Amino acid sequence: MNNKIECDMCGTCCTAYSISSLNKKAGEPCKHLLADGRCGDYENRPQVCRDFQADFFCYFLSSLSKQEQIEIIKELYDA
């Protein structure tokens, strides 16, 4: 049984979390985030981005609006 959750490219993780190696603050879209949810610099993305795995939390968030997703992540993780 495969429990892996596939990324649906919502871009929430690229917006909600801070990414110090990119000088990106929590709540700001990453400068590499494209309109379709893909990374515009995928081959050179930082290790923290490479290590991120979509999970059941992502599945839950997919039912919410983008702003609701970001606010929940920021509140839970003090991102």
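Preceding block: the structure.
First things first, this report covers the structure right here in the doc. Bear in mind that the values here come from a model prediction, so they are computed numbers and not experimental data.

**Description of the packing of aromatic side chains**
Then, number 1: Applying the stated criterion across every chain yields a total of one aromatic pair.
Then, number 2: It is Arg45 that lies over the ring of Tyr42; its NZ or CZ is 3.7 Å from the centre.

**Focus: unusual backbone geometry**
Then, number 1: Despite not being glycine, Met9 shows a phi value in the positive range, around 55°.
Then, number 2: Looking at where Met9 falls in the secondary structure, it is placed in the segment before helix H1 (13-16).
Then, number 3: Met9 gets classed as partly exposed once you look at its relative accessible area, which sits at 41%.
Then, number 4: The phi dihedral of Asn23 is positive, around 55°, even though this residue is not glycine.
Then, number 5: Assignment of secondary structure puts Asn23 in the loop between H1 and helix H2 (47-51).

**Brief notes about the side chain of Thr12**
Then, number 1: Here Thr12 lies in the segment before H1.
Then, number 2: Take Thr12: its relative accessible area is 2%, and that puts it in the buried class.
Then, number 3: If we ignore the near neighbours within four places in the chain, the residues touching Thr12 are Lys66, Gln69, Ile70 and Ile73.

Calculation rules
- Just so you know, the residues in each chain are numbered from 1, in the order the chain's sequence is written.
- Where totals are concerned, whole chains, interfaces and linings use all residues; where local detail is concerned, this predicted model gives features only for residues with pLDDT of at least 70, and gives and counts side-chain atom pairs only at 80 or more.
- Only hydrogens and water are set aside when side-chain values are computed; all heavy atoms of the structure are taken into account.
- In summary, the pairing rule links any two rings of Phe, Tyr or Trp, Trp by its six-membered ring, whose centres are within 6.5 Å, and it sorts them by plane angle into stacked for under 30 degrees, edge-to-face for over 60 and tilted for everything else.
- In this scheme, the term charge over a ring applies when either NZ of a lysine or CZ of an arginine sits within 6 Å of the ring centre and within 35 degrees of the ring normal.
- Only DSSP runs of H or I covering at least 4 residues are called helices, and only runs of E covering at least 2 are called strands; the numbering of each starts at the N terminus.
- Here's how the labels work: a residue is buried when its accessible area is under 20% of the maximum for its type, exposed when over 50%, partly exposed in between, all with a 1.4 Å probe on protein chains only.
- Two residues form a contact once any of their heavy atoms are found within 4.5 Å.

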